[in-house]
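Per-entry structural report
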Amino acid sequence: MLRLSALALVVCGLAFGDGGMVPGPEGMIREYGQVALLSHFEGREQLALASSYTGDARRFAWIVPLPSEPDVDSVLLDFFFELQTYTQPLYRSGGGFGCASPEPLPGGGRYGGDSMGVEEIAHGVVGDYEYEVLRVDIAESLTAYLEREGFEPGAEPTPVFQHYLDKAWRYFFVAQVRDSLREYESHSVGIRLSFTSESAVYPLHISRIGSTYTGVILYVFAEHRMHFPGAELWFSGQVGPETFFSDAGFVDRRCRLTKLMKYYRPEQMEDVALVRAPDDRDFRRVVSGGDWYGSFGPMLLLGGLLLARRRAWR
Amino acid sequence: MKRAALGLALAGVALAAGPHFHLKAVQPLLDNLYGVMPRAGLGIRFPQSANFAFRTELAGSYGTGRGEFASCRAWSVLVRAGEEANASPLLDAHVGLGIMYAYARERRPFADTNGAITDRWGSGSAIALYGEAGVMIVRGRGYRLDFEAGLDIGAVQTDLPLESQYQPADYSWVSLTGLNAGFVFRLGEPSAREETQDPRRPCSGCLH
């Protein structure tokens, strides 16, 4: 069972990630392969995230900047896998996989006080993470706050924090893996952040902290098919509350699901502003399933016939 | 008068060549993109003897994608040639085996990185095999209607690129592999009465 859980962790670790990651003093951490679920209706955005990372750091801070104060809740990673399966390309030979087991944990939080110019306005535990929601006015004060909490942000994050403060994104969701969490425990719960936003946005600039060359996959639920510059469309289709088993209220109406992907180097990472696509056409990728018998079958049959004929002549 | 005679002569030759028309439904076996496709064709059975016929025909089929692939289209033109054996006089049945040359075109939607989805056509050609068997349903004066079912095996690779993140670029293909069934209407066939009078072949389907 332990080995199975470890395998699940490795496989899941290859799939998800988001935000920026600042390590503790005892190691390094690199984030890769971001997947996020995003819904935007009537000026309210829901952003579901799950973390993945590689490195030897046993402790790190996971930071997500937001344009307004968020409500924090959990989301089952099963929903990520269900979406992955639901939107998978048409393989002419078929296929699909899944991992992780449902293990929902309730979210929570309480309001705190001022701390070094960084105001802690909520904290709690969601799934594998302890989190804080901070209201920040000065970038350096957030960096100092992280140092005070025992992390080693260095000089890299401050300009990134400043980028968000410049556009009046003053709320930062900061999470770290619970100390009590053992390595082999299932990381089956992600974070769901709900906040007010005029348009559908995805905070990617923050991922300049601690990222390598990364593929970003966004599942977007909205009234129309959505797009952002340079993104490859993987899926577009109508969905509703009845479509998924494990969405836990993430999809509360008939809407259109768009799956988009784009690869980034860290210096290319800018916040993603999603816009309405030119049309609402359904789309699913069609990829090769390696139909060797369809292509070579006639040749094999012809070869067999010729061989049989040749033997008959002998 | 001369024209009429020439016309009659040509009609006689045409009927002697054993013309036939078919209308079938094709169910692709290895392609989950397309549903049942209609197929229509015409051909000749020439030369033919009492038990064998060389059958040549031109056929075309057309298919549309299923569900969210509704904008997909595929059509193919087949030139089929093969030997047909009237193996069972008791049932008035036949079996055939042959080879075909297929030209196929396919339309699929492609998405660009500007957010647009456009339909693109691609085409290709290939050689494939077929086998079929049929049985007579009804015979009249100069015509015959058979029910025929068969299996085609092959695939036409088109010049439409297939996306894949796991392997090098590949090209799309239209699968010809599938079951087909339908009706074949033959002209220039001897009636049951004429057939019983034909010393070359035994009577089939008639009462004694």
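Treat the numbers as computed from the prediction; the structure is a model and nothing was measured.

Helix and strand counts for chain B come out as two helices and 10 strands. Taking all 208 residues of chain B together, the buried fraction comes to 43%. Intrachain contacts of chain B at a sequence separation of at least 6 include 61% that bridge at least 24 residues.

All right, on to the environment of B:Arg73 then. Residues and elements named next belong to chain B. Mapping Arg73 onto the fold places it in strand β4 (residues 73–88). Separated by 11 residues in the primary sequence, Arg73 and Tyr62 place their C-alpha atoms 7.5 Å from one another. Excluding residues within four positions of it along the chain, Arg73 makes contact with Tyr34, Tyr62, Gly63, Thr64, Arg105, Glu106, Arg107 and Trp121. Separated by 3.1 Å, the side chains of Arg73 and Tyr62 make a polar contact.

Here we take up the packing of aromatic side chains. Residue and element names in this part refer to chain A. If you walk through the whole model with that rule in mind, you get 17 aromatic pairs over all chains. For the pair Tyr86 and Phe244, a centre-to-centre distance of 5.0 Å together with 75° between the ring planes defines the contact as edge-to-face. Taken as a pair, Tyr86 in helix α2 (residues 77–86) and Phe244 in the loop between β17 (232–239) and β18 (255–264) lie far apart in primary sequence, 158 residues in all. Their ring planes at 40° and their centres at 5.4 Å tell us that Tyr164 and Trp169 sit as a pair that is tilted. Taken as a pair, Tyr164 and Trp169 share a single burial class, namely buried. Aromatic ring contacts, followed pair by pair, group Phe79, Tyr86, Phe221, Phe235, Phe244 and Phe250 into a single cluster. In this structure, Lys167 is placed above the aromatic ring of Trp169, and the distance from its NZ or CZ to the ring centre is 4.4 Å. The ring of Phe41 is capped by Arg253, whose NZ or CZ atom sits 4.2 Å from the centre of that ring.

Once that is clear, we can look at the nonpolar core. Most often, soluble globular proteins have nonpolar side chains that are buried together. Core analysis: the largest hydrophobic core is formed by 40 residues, its most contacted members being A:Phe173, A:Leu193, A:Tyr202, A:Leu218 and A:Leu274. Grouped together as the second largest cluster of nonpolar side chains are 23 residues, A:Val35, A:Leu37, A:Ile217 and A:Phe235 included.

Residue and element names in this part refer to chain B. Using the criterion set out here, one finds two cavities of 30 Å³ or more in the structure. Within this model, the largest cavity holds a volume of roughly 100 Å³. Around the largest cavity, the lining comprises 14 residues; the ones closest to its centre are Val26, Met37, Ser61, Ser175 and Leu176. Every element with two or more residues in the lining of the largest cavity is listed here: β1 (20–28), β2 (37–48), β4 and β9 (170–175). Tallied by class, residues from the lining of the largest cavity come to seven nonpolar, six polar and one charged.

So, about the environment of B:Val95. Residues and elements named next belong to chain B. Following the sequence through the fold, Val95 ends up in strand β5 (residues 93–111). Note: C-alpha distance between Val95 and Gly134 (39 residues apart in sequence) is 6.4 Å. The contacts of Val95, once residues within four sequence positions are left out, are Glu83, Glu84, Ala85, Glu132 and Ala133.

In this section: the pattern of salt bridges. All names here are of chain A. Across all of its chains, the model carries 29 salt bridges over all chains by this definition. Note that Glu270 and Arg208 form a salt bridge whose closest N and O atoms lie 2.7 Å from each other. Note that Glu270 is positioned in the loop between β18 and β19 (272–273) and Arg208 in the loop between β14 (201–202) and β15 (214–222), a separation of 62 residues in sequence. Residue class for Glu270 comes out partly exposed when judged on its relative accessible area of 38%.

Moving on to the confidence of the model for chain A. All names here are of chain A. When pLDDT is averaged along chain A, the result is 75; 67% of the residues meet or exceed 70. Taken together, the stretch residues 1–17 has pLDDT below 50 and engages in 34 contacts with residues farther than four places along the chain or on a different chain. Under a pLDDT of 50 for its full length, residues 93–114 has, in the predicted model, 54 contacts with residues more than four places off or in other chains.

The rules we used
Residues numbered from 1 in each chain as written. Chains lettered and ligands numbered in written order. Predicted model: local features only at pLDDT ≥ 70, side-chain atom pairs only at ≥ 80, totals over all residues. Heavy atoms only, no water. Helix = DSSP H or I, 4+ residues; strand = E, 2+ residues; numbered from the N terminus. Buried < 20%, exposed > 50% of the residue type's maximum accessible area, 1.4 Å probe, protein only. Contact = heavy atoms within 4.5 Å. Polar contact = N/O pair within 3.5 Å; in protein donor to acceptor, adjacent residues only side chain to side chain. Phe/Tyr/Trp six-rings, centres within 6.5 Å; stacked < 30°, edge-to-face > 60°. Lys NZ or Arg CZ within 6 Å of the ring centre and 35° of its normal. Core = buried A, V, L, I, M, F, W, Y, C linked by side-chain atoms within 4.5 Å. 1 Å grid on protein atoms, 1.4 Å probe; cavity = no way out; pocket = protein on both sides within 12 Å on 5 of 7 lines; lining within 4 Å. Points joined across faces, edges and corners; volume = space filled by probe spheres on them. Nonpolar A, V, L, I, M, F, W, Y, C, P; charged D, E, K, R; others polar. Salt bridge = Lys/Arg side-chain N within 4 Å of Asp/Glu carboxyl O. pLDDT = per-residue confidence, 0-100.

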